[in-house]
Amino acid sequence: MNISVIGTGYVGLVVGACLAETGNAVKCADIDERKIEGLRKNILPIYEPGLEPLVERNQKEKRLTFTTDLRDAIENAEVIFIAVGTPPGEDGSADLKYVLQVATLIGRHMSRELVIVTKSTVPVGSAAKVGAAVAKEAKFPFHLCSNPEFLKEGDAVEDFMRPDRVVLGVESPFARRVMSEIYAPFVRTGKPVLIMDISSAEMTKYAANGMLATRISFMNEIANLCDKVGANVDFVRRGIGSDSRIGQSFLFAGPGYGGSCFPKDVKALVRMAAESGVRLDVLAGVESANDRQKSILVSKVRSALGDLKGKRVALWGLAFKAGTDDMREAPALTIIAGLLESGVSICAHDPAAMDHARGLLGNRIDFAETNYEALEGADALVVVTDWNEYRHPDFERVKRTLKQPVIVDGRNLYDVERMRELGVRYHSIGRPSA
Ligand SMILES: NC(=O)c1ccc[n+]([C@@H]2O[C@H](COP(=O)([O-])OP(=O)(O)OC[C@H]3O[C@@H](n4cnc5c(N)ncnc54)[C@H](O)[C@@H]3O)[C@@H](O)[C@H]2O)c1
């Protein structure tokens, strides 16, 4: 099938590469010329495990092409996925500007009956707006589909190739047939393709992210309480996660959620509810709990080191989570701002996000080539992102290199008993200190 994906970011690039991998002829289009120029040479604008070989192989076999010519991408497509950004507007609602720009172009340049798929996360009612923008210019029939994306950055290729489910909001048998055909290779193990109305599909994406963000904020608040009353959130997590009604995933306490999705989608959902005259008190609480949580590591560094003025801290991890270079809304940014404000100097390391961080932070902090280098002359190590390579470091070397043996662990990576044996002054989230 001839498929075009408009918007070649974290989502569009993964979608395009995976759809090419199953034999479709895919054009990925973007207005960012540098990005497209790089992609043509297999230089990826993002770090995403497993993506590069897919892009390279499918480009070589000519199933995947990259273009800035949106008109060409639209004219030849049987199916167009819209995967441009939907950043929060000033009032927190999702800004549909880019989605609607693309919809207008699709209407103008389409040259046959086609399916228009919204992959971007958009509030309920957006498909109707997309439909209206296309219809203004269209000379051919078209079919709308809302196909929210549930991939996780860091596991995006795996998630797209083997989804837990595919959600398709459709309103015509034509769209249903075409979309079911496209997704058939990805659900051969029997994972469900859930066909529903468009509004429900749009809502499903927000509800999923709202629920996941809720679990994270809930556990963070329980962890903060554990800290105060002397309980250990590791035990509590296992204790509740073993209940089949609750399950184990998304129950790790940490420095707050970040990334391009949870913060903006929770905001947009709260806003959508307010516009509909409905109260979403739980989610409003989730959002403020997360804002507070992002500063928790600064408080922990302060209680570990006392007066922070003139102190130096090594920061392990900048990306909002392991497996990605994405720094959008990353807790590291809040932590860095808080530490700098308190007069701390910082040397940071991240296996993937240092280029992005340099762009955002310039020379306000130092960057180290290796995680051990970051420790030199530092009064404490602060672990912010749960990268695999930080999980089992050479603790003797860490202790030897730091000026004081202090670790503040925002991801609960290390064993409290082991830290005690090593003589490290160790603080984590919701667990006893050593
Ligand atoms: N990142 C994720 O993990 C994730 C997961 C699920 C859903 N989503 C949703 O998918 C959408 C895209 O997210 P992303 O993280 O890929 O964003 P992104 O910022 O990485 O990519 C968006 C791309 O769209 C391009 N673009 C903007 N306007 C354009 C236009 N008029 N024509 C062509 N290209 C244009 C930009 O240049 C950019 O390359 C958002 O709605 C997001 O909420 C993201």
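To be clear, the structure that these remarks concern was listed above.
Residues numbered from 1 in each chain as written. Predicted model: local features only at pLDDT ≥ 70, side-chain atom pairs only at ≥ 80, totals over all residues. Heavy atoms only, no water.

Trainee: Run through the sheet that holds strand β3 (residues 64-67), naming residues and quoting values.
Mentor: Spatially, eight strands are ordered β3-β2-β1-β4-β5-β6-β7-β8 in an open sheet, and the strand pairing comes out mixed. For this open sheet the edge positions go to β3 and β8 (193-196), each flanked by a neighbour on one side alone. Between one strand axis and the next, the sheet turns through 25 degrees on average, direction left out of account. The pairing of strand β1 (residues 2-6) with strand β2 (residues 25-29) spans five bridges and is parallel. Paired with Asn2 across the two strands is Ala25, which belongs to β2. Contacts from helix α6 (residues 126-137) reach β4 (79-82), β5 (114-118) and β6 (142-146), with the element oriented near 155 degrees to β6. (Pairing = 2+ DSSP bridges. Helix = DSSP H or I, 4+ residues; strand = E, 2+ residues; numbered from the N terminus. Axes fitted to C-alpha atoms, helices over the stretch in contact; angles between N-to-C directions. Contact = heavy atoms within 4.5 Å.)

Trainee: Can you break down the nonpolar core residue by residue, with the values?
Mentor: Formed by 62 residues in total, the largest nonpolar core has its most connected members in Leu315, Leu318, Leu339 and Tyr414. Here this core gets six residues from one element, more than from any other, and that element is helix α13 (residues 296-305). Those residues in contact with Tyr414 that sit more than four places away from it in its chain are Trp316, Val383, Tyr390, Arg391, Pro393, Phe395, Ile407, Asp409, Met419, Tyr426 and Arg431. Grouped together as the second largest cluster of nonpolar side chains are 41 residues, Ile3, Leu44, Ala175 and Val178 included. (Core = buried A, V, L, I, M, F, W, Y, C linked by side-chain atoms within 4.5 Å. Buried < 20%, exposed > 50% of the residue type's maximum accessible area, 1.4 Å probe, protein only.)

Trainee: Could you give an account of the pairing of strand β7 (residues 166-170), naming the residues involved and the relevant values?
Mentor: For β7, the tally of buried residues reaches five of five residues, placing the bulk of the element in the interior. Of the two faces of β7, the one carrying Val166, Leu168 and Val170 and the one carrying Val167 and Gly169 are both buried. The pairing of β6 with β7 spans two bridges and is antiparallel. If you follow Ser146 over to β7, its bridge partner there is Gly169. As judged from the four bridges shared by β7 and β8, these two strands associate in the parallel manner.

Trainee: Go over the site of the ligand with me, naming the residues and quoting the values.
Mentor: As a matter of local geometry, the ligand sits amid 28 residues, with Asp30, Lys35, Thr86, Glu153 and Lys264 nearest to it. One nitrogen or oxygen atom from the main chain of Val11 is found 2.8 Å from an oxygen atom belonging to the ligand. Burial of the ligand by the protein chains amounts to 89% of its free accessible area of 830 Å². Sorting the residues of the shell around the ligand by element identifies α1 (10-21) and α5 (97-109) as the ones contributing at least two each. Here the shell around the ligand gets three residues from one element, more than from any other, and that element is α5. Across the shell around the ligand, the residue classes tally to eleven nonpolar, nine polar and eight charged. (Near = heavy atom within 4 Å. Polar contact = N/O pair within 3.5 Å; in protein donor to acceptor, adjacent residues only side chain to side chain. Areas by Shrake-Rupley, 256 points an atom, 1.4 Å probe, with all protein chains shown as cover. Nonpolar A, V, L, I, M, F, W, Y, C, P; charged D, E, K, R; others polar.)

Trainee: Mind laying out the pattern of salt bridges, listing which residues take part and the relevant values?
Mentor: Taken as a whole and assessed by the stated rule, the structure comprises 29 salt bridges. A salt bridge links Arg40 to Glu37, with the shortest nitrogen-to-oxygen separation between them at 3.5 Å. Taken together, the residues Arg40 and Glu37, both in helix α2 (residues 33-40) and three residues apart, mark about one turn of the helix. Taking relative accessible area as the criterion, Arg40 reaches 42% and is therefore assigned partly exposed. What makes Glu37 partly exposed here is its relative accessible area of 38%. Arg237 is the salt-bridge partner of Asp234, the closest N and O atoms lying 3.6 Å from each other. Here Arg237 and Asp234 lie together in helix α10 (residues 233-241), a separation of three residues that amounts to about one turn. An identical accessibility class is assigned to Asp234 and Arg237; each is buried. (Salt bridge = Lys/Arg side-chain N within 4 Å of Asp/Glu carboxyl O.)

Trainee: Describe in detail α1, supporting the description with residues and values.
Mentor: Between its first and last C-alpha, α1 extends 17 Å over twelve residues, near the 16 Å set by a 1.5 Å rise per residue. Within α1, ten of the twelve residues are buried, which leaves it mostly tucked inside the rest of the structure. Tyr10, Gly12, Leu13, Val14, Val15, Gly16, Ala17, Cys18, Leu19 and Ala20 are the residues of α1 that are buried. Looking one or two residues beyond α1, the residue adopting positive phi is Gly23, at roughly 105 degrees. (Expected span 1.5 Å × (residues − 1).)

Trainee: Kindly report on the packing of helix α11 (residues 262-275) against helix α12 (residues 281-293), identifying the contributing residues and their values.
Mentor: Look at α11 against α12: their axes get within 10 Å of each other, and the N-to-C directions meet at 145 degrees. For α11 against α12, the interelement crossing comes out left-handed. Each of Val266, Lys267, Leu269 and Val270 in α11 lies in contact with α12, whose residues at this interface are Leu283, Ala284 and Glu287. In the contact of α11 with α12, the residues fall into five nonpolar, no polar and two charged. (Left-handed = near helix turned anticlockwise from the far one by under 90°.)

Trainee: So, the packing of aromatic side chains: which residues are in play, and what are the values?
Mentor: Inspection of every chain in the model, using the stated rule, returns ten aromatic pairs. Ring geometry for Tyr414 against Tyr426: centres 6.2 Å apart, planes inclined by 45 degrees, an arrangement best described as tilted. Placement of the pair is Tyr414 in the loop between β13 (406-409) and α17 (416-422) and Tyr426 in strand β14 (residues 425-427), with a sequence separation of twelve residues. Through successive ring pairs, a cluster of aromatic residues spans Phe160, Tyr183 and Phe186. The side chain of Arg358 reaches across the aromatic face of Phe367, ending 4.9 Å from its centre. Positioned above the aromatic ring of Tyr372, the side-chain terminus of Arg397 is 4.0 Å from the ring centre. (Phe/Tyr/Trp six-rings, centres within 6.5 Å; stacked < 30°, edge-to-face > 60°. Lys NZ or Arg CZ within 6 Å of the ring centre and 35° of its normal.)

Trainee: Could you give me a rundown of the environment of Thr65, with the residues and numbers involved?
Mentor: Locating Thr65 in the fold gives a position in strand β3. Remark: the alpha-carbon pair of Thr65 and Cys145, spanning 80 residues in sequence, is separated by 23 Å. In contact with Thr65, other than residues within four places in its own chain, are Val26, Lys27 and Cys28.

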